[in-house]
Amino acid sequence: MSTFGVLAELPSPWVGLGLTALFLGLAFVGARLWLWSTATLAALWFCGASLWLWLPILPVLLILNAPPLRQSLISARLLRLIRARNLLPAISDTERIAIEAGNVWVDKELFSGKPDLRRLSREPYPELTERERAFLAGPVEEVCRMTRDWEVSQRRDLPTEVWDYLKAQRFFGMIIPEQYGGLGFSALAHGAVVQKLSSRSMPLAITVMVPNSLGPAELLLHFGTEAQRKHYLPRLAVGAEVPCFALTEPGAGSDAGSMTSHGVLFENERGELCIRLNWEKRYITLAAVSTVLGLAFQLHDPDQLLGRGRNLGITCALIPTGTEGVELGMRHDPLGIPFYNCPTRGVDVVVPVDAIIGGIEGAGHGWKMLMECLAAGRGISLPGTSTGGAKLVARVAGAYAAVRKQFGLSIGRFEGIEEPLARIGGVTWLLEAARRYTCGALDAGNKPPVVTAIAKLSFTELYRGVINDGMDILGGAAISRGPRNLLGNAYIGTPISITVEGANILTRTMIIFGQGAIRCHAFAFEEIEAAAKDDLPRFDAALFGHLGQVVRNQVRAALLSVSRGLLALPPIRGATARYYRKLAWASASFATMADLAMGAFGGDLKRKEKLTGRFADVFSWMYLAAAGLRRFEADGRRAEDLPFLHWSMQLAFQRIHEAMQGLYRNFDVPVLGGLLRGPVALWGRLNPIGSPPSDRLGSKVARTLQTAGAVRDRLTDGIFVPQGEEEHLATLENALLLHWQADAVAQKLKAAVRGQRIPKGPPEVTLAKAVEAGVLSHEECELLRTAERARTDAITVDSFSLEDYFASAVEPESAPEDRAVTSSTP
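Since we're looking at a predicted model, the values are computed, not measured.

Chemist: Got a minute to help me understand the overall build of the protein chain in this structure?
Modeler: Each helix and strand in the protein chain was counted, giving 35 helices and 9 strands. C-alpha extents for the protein chain along the principal axes are approximately 105 × 95 × 75 Å. By residue count, 53% of the 826 residues in the protein chain fall in the buried class. Within the protein chain, contacts between residues at least 6 apart in sequence are counted, and of these 76% link residues at least 24 apart. Element-wise, carbon and sulfur atoms account for 56% of the exposed surface of the protein chain, whose accessible area totals about 37200 Å². Treating the 87 positive side-chain charges of the protein chain as one cloud and the 84 negative ones as another, the clouds have centres 9 Å apart.

Chemist: Whenever I open this one, the packing of aromatic side chains confuses me. Can you help?
Modeler: The description of an aromatic ring pair uses the distance of the two centres, along with the angle that the planes make with each other. Under the criterion given, the structure shown has 21 aromatic pairs. Both rings, one in Trp-150 and one in Phe-800, keep their centres 6.1 Å apart while their planes meet at 25°; by these two values the pair is stacked. One end of the pair, Trp-150, is in helix H10 (residues 149-155); the other, Phe-800, is in the loop between helix H34 (778-795) and helix H35 (802-807), with 650 residues separating them in the sequence. Residue classification places Phe-800 among the partly exposed residues on the basis of a relative accessible area of 38%.

Chemist: Which parts of the structure should I look at to understand helix H25 (residues 577-601)?
Modeler: In an α-helix there are 3.6 residues to a turn, and that puts residues three or four apart on one side. Over its 25 residues, H25 runs 36 Å from end to end, which matches the ideal 36 Å to within 8%, given 1.5 Å per residue. With 20 of 25 residues buried, H25 is to be regarded as a mostly interior element.

Chemist: Even after reading the chapter, I still don't get a positive patch on the surface, so can you show me in this structure?
Modeler: Together, Lys-405, Arg-413, Lys-750 and Arg-754 give the surface a local cluster of positive charge. When you line up the elements, Lys-405 lands in strand E8 (residues 405-406).

Chemist: Explanation requested: the nonpolar core in the structure shown.
Modeler: Soluble, globular proteins show a tendency: their nonpolar side chains are buried together. Within the largest apolar cluster, 135 residues are counted, with the highest numbers of intra-cluster contacts made by Tyr-437, Ile-473, Leu-474, Leu-583, Phe-619, Met-622 and Ile-656. Setting aside anything within four residues of it in sequence, one finds Met-622 in contact with Leu-110, Leu-583, Ala-586, Ser-587, Phe-590 and Ile-656. The next biggest cluster of nonpolar side chains, apart from the first, holds 67 residues, and it includes Val-152, Ala-192, Ala-287 and Ile-380.

Chemist: Which parts of the structure should I look at to understand the packing of helix H26 (residues 609-634) against helix H27 (residues 642-665)?
Modeler: Relative placement of two packed helices is described by the angle separating their axes and the distance separating the axes. Between H26 and H27, whose axes approach to 9 Å, the crossing angle comes to 160°. Taken together, the axes of H26 and H27 lie roughly antiparallel to each other. Crossing of H26 over H27 shows left-handed handedness. Where H26 approaches H27, its residues Leu-611, Arg-614, Phe-615, Asp-617, Val-618, Trp-621, Met-622, Leu-624, Ala-625, Gly-628, Leu-629 and Phe-632 are matched on the opposing element by Leu-642, Leu-645, Met-649, Leu-651, Ala-652, Phe-653, Arg-655, Ile-656, Ala-659, Met-660, Gly-662 and Leu-663.

Chemist: How do you make sense of the confidence of the model for the protein chain when you look at a structure like this?
Modeler: Averaged over every residue, the pLDDT of the protein chain is 92; the share at 70 or more is 96%. Confidence drops under a pLDDT of 50 for residues 1-8, and excluding neighbours within four residues, the segment shows 7 contacts in the predicted structure. When the criterion is pLDDT under 50, residues 813-826 qualifies, and its contacts beyond four places in sequence or with other chains add up to 0 contacts.

Chemist: I keep staring at empty space enclosed by the protein and nothing clicks. Help me out?
Modeler: The method is simple in principle: a probe with the dimensions of a water molecule rolls over the atoms, and the space it marks as empty is what remains. Enumeration over the complete set of coordinates arrives at 2 cavities of 30 Å³ or more. Quantified by volume, the largest cavity comes out at close to 90 Å³. Along the walls of the largest cavity sit 14 residues, with Leu-474, Ala-477, Arg-484, Asn-485 and His-728 positioned nearest its centre. The set of elements that each furnish at least two residues to the lining of the largest cavity consists of helix H17 (381-403), helix H31 (728-741) and H34. Residue composition of the lining of the largest cavity, by class: 9 nonpolar, 4 polar and 1 charged. The space that makes up the second largest cavity amounts to roughly 40 Å³. Looking at the second largest cavity, the residues that line it are Val-210, Pro-211, Leu-214, Gly-215, Pro-216, Pro-243, Cys-244 and Phe-245. For the lining of the second largest cavity, the leading source of residues is strand E1 (residues 243-246), giving 3 residues. In the lining of the second largest cavity, the residues fall into 7 nonpolar, 1 polar and no charged.

Chemist: I tried to follow the pattern of salt bridges on my own but got confused; where do I start?
Modeler: Once their charged atoms are close, side chains differing in charge can pair, the charge on each being opposite to the other. One pass over the structure, following the stated rule, counts 45 salt bridges. In this structure, a network of salt bridges that share partners links the residues Glu-127, Arg-436, Arg-631 and Asp-635.

Chemist: I'm lost on the layout of surface pockets in this one. Help?
Modeler: Each pocket or cavity is described by its volume, and for the second largest pocket that value is around 1100 Å³. Lys-405, Gly-408, Ala-746, Lys-750 and Glu-788 are, among the 36 residues lining the second largest pocket, the residues nearest its centre. Secondary structure elements with two or more residues in the lining of the second largest pocket: H17, strand E9 (409-410), H31, helix H32 (743-754), helix H33 (763-772) and H34. With 7 residues, the single largest contributor to the lining of the second largest pocket is H32.

Calculation notes
- All residue numbers here refer to positions counted from 1 along the written sequence of the relevant chain.
- Whole-chain, interface and lining totals are the exception, using all residues; otherwise, since this is a predicted model, local features are given only for residues with pLDDT of at least 70 and side-chain atom pairs are given and counted only at 80 or more.
- Here the side-chain values reflect all heavy atoms present in the structure, with hydrogen atoms and water set aside.
- Helix numbers and strand numbers start at the N terminus; a helix is a DSSP run of H or I with at least 4 residues, a strand a run of E with at least 2.
- Using a 1.4 Å probe on the protein chains alone, a residue whose accessible area is under 20% of its type maximum counts as buried, one over 50% counts as exposed, and one in between counts as partly exposed.
- Working rule for contacts: check all heavy atoms of both residues, and any pair within 4.5 Å makes them a contact.
- Residue-level accessible areas treat just the shown protein chains as cover; the underlying method is Shrake-Rupley with a 1.4 Å probe.
- The sign given to each residue is positive for Lys and Arg and negative for Asp and Glu; His and the chain ends receive no count.
- Lys charges are placed at NZ, Arg charges at CZ, Asp charges at CG and Glu charges at CD.
- The pairing test for Phe, Tyr and Trp rings, Trp by its six-membered ring, is centres within 6.5 Å, and the orientation test on the planes gives stacked under 30 degrees, edge-to-face over 60, and tilted for anything in between.
- Helix span, as expected, comes to 1.5 Å for every residue beyond the first.
- Patch membership needs two things, relative accessible area over 30% and no salt bridge, and members are linked within 9 Å if like-charged or within 5 Å if nonpolar (Val, Leu, Ile, Met, Phe, Trp, Tyr).
- Salt bridge, as used here, is a side-chain nitrogen of Lys or Arg placed within 4 Å of a carboxyl oxygen of Asp or Glu.
- In this text, buried Ala, Val, Leu, Ile, Met, Phe, Trp, Tyr and Cys residues form a nonpolar core when linked through side-chain atoms within 4.5 Å.
- Where helices are involved, their axes are fitted lines through C-alpha atoms of the stretch in contact, as for all axes, and angles between N-to-C directions lie from 0 to 180°.
- Working definition: roughly parallel below 35 degrees, roughly antiparallel above 145 degrees, roughly perpendicular at 65 to 115 degrees, and oblique for all remaining angles.
- Left-handed is the label given to a crossing in which the near helix is rotated counterclockwise from the far helix by less than a right angle, and right-handed is the label when the rotation is clockwise.
- On a scale of 0 to 100, pLDDT captures the predictor's confidence in every residue.
- Buriedness of a pocket was judged along seven lines, with at least five required to meet protein on both sides within 12 Å; pockets are open sets of points on a 1 Å grid over the protein atoms alone, cavities are sets where a 1.4 Å probe fits but cannot get out, and lining residues have an atom within 4 Å of a point.
- Grid points are joined across faces, edges and corners, and a volume is the space filled by probe spheres set on the points.
- Under the scheme applied, nonpolar residues are Ala, Val, Leu, Ile, Met, Phe, Trp, Tyr, Cys and Pro; charged residues are Asp, Glu, Lys and Arg; polar residues are all the others, including Gly.

Quick look at the structure:
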């Protein structure tokens, strides 16, 4: 008897189950259309279907598998309907440039609903070169020693010797290749330098960061003429030229298209092609001390001297700041953090057309230049400062929690302190994972704008939480300003990183998902472009590819949810396997909801910013989870890192769960919205993809931060840890070391007091009695005294005489007599 004959003898329920499993399996793996059709025909034959069932199915399968028929009978009609009713979003030229900038990377995998987990686990995770490590251990260490953050805040600038040292050691030329006199560092090294500097002084880090991020050097490297590179890059590398880049205006921040700064092409009396520029810019870092100003402006050619129309668009040019009409010299005061952030104006500034970056060919291409550079730059500098800041908080808060005592115990032993300590430790571990993962992509030649937008948003927001937790733990020691305060200035300056390089509200609600939904989706951009160009074959291929993906992801989301991810195959066994399965589950659920949103709202989705913000949250936490999993493997799967791995992964999937629940509750579409708010949301609550890290796990992370040793050192590796009695971080570190050295002796003394071997009294009396009773040796007694002196020193805060405190204050004006304060009666 044939196989089909045997199967035909099976009871019909088993046949039904078998066919259901077959088709679910095809959907789960994303089988091609021809395989679906073959399976359908086989099922009909196997089940002995009647002619009346074959007749309607065969033509449908024929049409679906014959592209010319499918296009004429299905796709053409849909295309006409979409174009007639504008159902797909129109993409402006500026939006298209932003979308097409850079490339996609693992973000496309995460968006797909069926990510290649093996690829995610094997992406480059780079190491620094010997030359880069030598620079960090040499010039970077030295400039940190030269800089005192409190002194910088008081004098409102870096010391002159620090400026000179930065220039001499080519700090401003980290991204400039060696052939032009720069250091030619990798993205990883660039970020590591900024990370270390930020752990010492924010103004120091920003001063170095800006010339190496979006600005003249970066633009020249990618778009400048060779003559421009040879002239400017060697001078920028050694600080002979100090750059700034002017983009933001009073009326044009995130909306660069509304820029009013403009330049007009004209021929001077010698027949030379020139540009007359007028601008008003603000928030321009280093402008007041710059010698060359990169300027973004709208270029107009009223006489069509270039023959390319009258309005050429956004253009970038380099303007020597000594040029007549350039106005500098003012500065903003960003929360009292003393880095140069300034307004600048230009009134009838005339420069040759060669000032355009890229020469005449670069005219009108400024927006593309900016988007291409920003696609990489957002993944380096701010992630570096945020990670450096988080590592400093972890080191400071952990040590302080151990040495600060209340009620006779280290405050770090109280669960109320353990909770924020755990957040600090887990987030710090995750930030370093994502920093290196992102830099690995950049150093491999990728420029993924969606990933770097995720990095900018996630790093700065997570650091904001870390610094807030650190301030809470240190309490009065964190709010009392002075040279001993290790966190105050960083806390005050935190909103700066939230605001720059794309404000976080904009990045979350408009860029990450808004750009990602088009760029990272396998078919969305193709559908939009094909519809706009009335390209039927292209539209047909994208449409049916998209429909196949929708079916696949809906089935994957359902089956992975029911199985809690067990149907996904992790690329690695062990501690990370369950999290890879959850990542596959999260991706399928995310992709399903993304397709539902795009189908339900169409072009209006970009205005549903509360929804797109939640989509961005899911997308961001999937990326952070992938980075954390990659770090654990790259670091050698260390057992001592398991608490950090588990804590950060559980946090990531908890946040994904919360964002998905927010999507279900707020998906306001008839019928579908009710299903999502009702049974789907209920199932999600009963079967969550993630839940918060446990208290016990948090305690393990918190204890690590308070324990001097290799694990704590690795967690905070890469920051500046000063030496010397005048350095308060060194004082705190010394107190922590003595705390643990004396811990066993302190426990012995407490046991003797509890056992009434010696009476309880003032510390010195108790110590003397302990030595007299033979409980402690003279050496142990002295160790306790030394540890106590160090502890007292470590928790001491700054205070000032009234004379010193008011010495730097501005003298108040005398109040006019008619405004003098007087007492009055009702």
